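Summary of the model geometry
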Amino acid sequence: MSGICVFGASSSNIDHKYTEEAFELGALLAENNMELVFGGGAVGLMGAVAAGATAQGGRITGIIPKKLNQPGIPYERCTNLIEVEDMSERKQLMVSMSCGYVVLAGGLGTLDELFEVLTLKQLGYIDAPIVIINTNGFYDNLLAHINRIISDGFAHKRYLRLFSVASCAQDALKLLNNYASEELPDKIAEALSEKNG
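1. Side note on unusual backbone geometry
Of note in the backbone geometry, Asn33 takes a positive phi value of approximately 60° without being a glycine. Note on placement: Asn33 falls in the loop between helix H1 (16-31) and strand E2 (36-38). Here Asn136, not a glycine, exhibits a phi torsion of approximately 60°, which is positive. For Asn136, the position within the fold is in the loop between strand E6 (130-133) and helix H5 (140-151).

In structure tokens form, the structure reads like this:
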């Protein structure tokens, strides 16, 4: 395993425990010879995970939209900083360059990225570990809502296997390393079966 994509907050107005977790994750990835692929920003959890990787001499690829590639925004110590046209292209490239995904605490953009990879995996476009680090119970409500989606019949309970939940960066690394591909139900075949049934 090489490129691990990390999604996380660009906000710096957050509790230090989130920043510490991000830094540790970046350091662990570098120590385990895993390239960090991230959104290219120098602030918030994006900057912290990159700083952690830098501290351990890790390889870092940042992918940043042209609109955000302004002085003071990109992480300047990226091994490779790639400018793309927009957010959609950024996500597409981050996904294509990675063989695993870790989700730190974050805002709307992080949720967008999380559900992008969950949907891609559900439809069979990718087969890779997706690990949510639930620092300080940050994702408790989201995880409860996903269970509500399932209990109300909007998704099958088998899709809970699309992702794993870790309590910390160390656990996330174990989940990445121990990932075993498993066959998920064919979403298209299920939809056709429901339509014809």
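2. So, the packing of helix H3 (residues 87-96) against helix H4 (residues 108-122)
Put simply, H3 and H4 touch, their axes get as near as 11 Å, and they point 55° apart. With respect to H4, the axis of H3 lies oblique. For the element pair H3 and H4, the recorded crossing hand is right-handed. Contact residues: H3 offers Arg90, Lys91 and Val95, while H4 offers Asp112, Glu113, Glu116, Val117 and Leu120. Residues belonging to the contact of H3 with H4 are distributed by class as follows: three nonpolar, no polar and five charged.

3. What about the packing of aromatic side chains?
Tallied over the entire structure, the rule returns four aromatic pairs. Note on Phe38 and Tyr75: the rings are 6.4 Å apart at their centroids and 75° apart in plane angle, and the pair reads as edge-to-face. One end of the pair, Phe38, is in strand E2; the other, Tyr75, is in the loop between strand E3 (60-65) and strand E4 (80-84), and 37 residues separate them in sequence. When sorted by exposure, Phe38 lands in the same class as Tyr75, which is buried.

4. A word on the nonpolar core
Counting residues in hydrophobic clusters, the biggest one holds 31 residues, and the most contacted among them are Val6, Leu25, Leu29, Leu36 and Phe38. Elements with a minimum of two residues in this core: strand E1 (4-7), H1, E2, helix H2 (44-55), E6 and helix H6 (169-177). Sequence-distant contacts of Leu25, that is, excluding residues within four places in its chain, are made with Val6, Val49, Val102, Leu104, Ile133 and Ala169. Judged by nonpolar contacts, the second largest core, of 26 residues, contains Val117, Leu118, Ala128 and Ile150.

5. Observations regarding the state of the cysteines
Throughout the structure, instances matching the rule amount to zero disulfides. Lacking any disulfide linkage, Cys78 is separated from the closest cysteine sulfur, that of Cys5, by 13 Å. Cysteine Cys99 shares no disulfide, and the gap to the nearest cysteine sulfur, in Cys5, comes to 10 Å.

6. Observations regarding the sheet that holds E1
Strands sit in the order E4-E3-E2-E1-E5-E6-E7 across an open sheet of seven strands; the sheet is parallel. For this open sheet the edge positions go to E4 and strand E7 (164-166), each flanked by a neighbour on one side alone. Across the sheet, the mean angle from the axis of one strand to that of its neighbour is 25°, orientation sign disregarded. Where E2 meets E3, three bridges bridge the pair, whose relative direction is parallel. Bridge assignment links Phe38 to a residue of E3, and that residue is Gly62. Packed on one face of the sheet, H1 meets E1, E2, strand E5 (100-103) and E6 and runs near 175° to E1. Its contacts with the sheet put H2 on E1, E2 and E3, and the angle it makes with E2 is roughly 160°.

7. Let's talk about the pairing of E5
Burial of the side chains of E5 extends over both faces: Gly100 and Val102 are buried on one face and Tyr101 and Val103 on the other. Relative to E5, E1 runs parallel, the two being bridged by four bridges. Counted as the bridge partner of Val6 is Val102 from E5. Alignment of E5 against E6, held across three bridges, turns out to be parallel. Pairing of Val103 across the sheet is with Ile132, part of E6. Once you follow E5 into H4 and on to E6, the crossover reads as right-handed.

Cut-offs used in this document
Each chain carries its own residue numbering, running from 1 in the written order of its sequence. Reporting of local features is limited, given that this is a predicted model, to residues whose pLDDT is at least 70; pairs of side-chain atoms are given and counted only at 80 or more, and all residues count toward the totals for whole chains, interfaces and linings. Only hydrogens and water are set aside; all other atoms, that is, all heavy atoms of the structure, feed into the side-chain values. For the purposes of this entry, the term helix denotes a DSSP run of H or I that reaches at least four residues, the term strand denotes a run of E that reaches at least two, and both are numbered from the N terminus. Note on definitions: angles span 0 to 180 degrees between N-to-C directions of axes, and those axes are lines fitted to C-alpha atoms, for helices only across the stretch in contact. Note on terminology: angles under 35 degrees are roughly parallel, angles over 145 are roughly antiparallel, angles of 65 to 115 are roughly perpendicular, and the others are oblique. Whether a crossing is left-handed or right-handed is set by the direction in which the near helix is turned from the far one by less than a right angle, anticlockwise for left-handed and clockwise for right-handed. The contact rule is simple, with two residues in contact once any of their heavy atoms fall within 4.5 Å. Note on residue classes: Ala, Val, Leu, Ile, Met, Phe, Trp, Tyr, Cys and Pro are nonpolar, Asp, Glu, Lys and Arg are charged, and everything else, Gly too, is polar. Here the aromatic set is Phe, Tyr and Trp, taking the six-membered ring for Trp, and pairing holds for ring centres within 6.5 Å; pairs whose planes are under 30 degrees apart are stacked, those over 60 apart are edge-to-face, and all others are tilted. Any residue under 20% of the maximum accessible area for its type is buried, any over 50% is exposed, and the rest in between are partly exposed; the area is computed with a 1.4 Å probe on protein chains only. Note on terminology: a nonpolar core comprises buried Ala, Val, Leu, Ile, Met, Phe, Trp, Tyr and Cys residues joined through side-chain atoms within 4.5 Å. Cysteine sulfur atoms are paired as a disulfide whenever they come within 2.5 Å of each other. For two strands to count as paired, DSSP must find a minimum of two bridges between them. Whether a crossover is right-handed depends on one test, that the path from the first strand over the helix to the second runs clockwise when the strands point away from the viewer.

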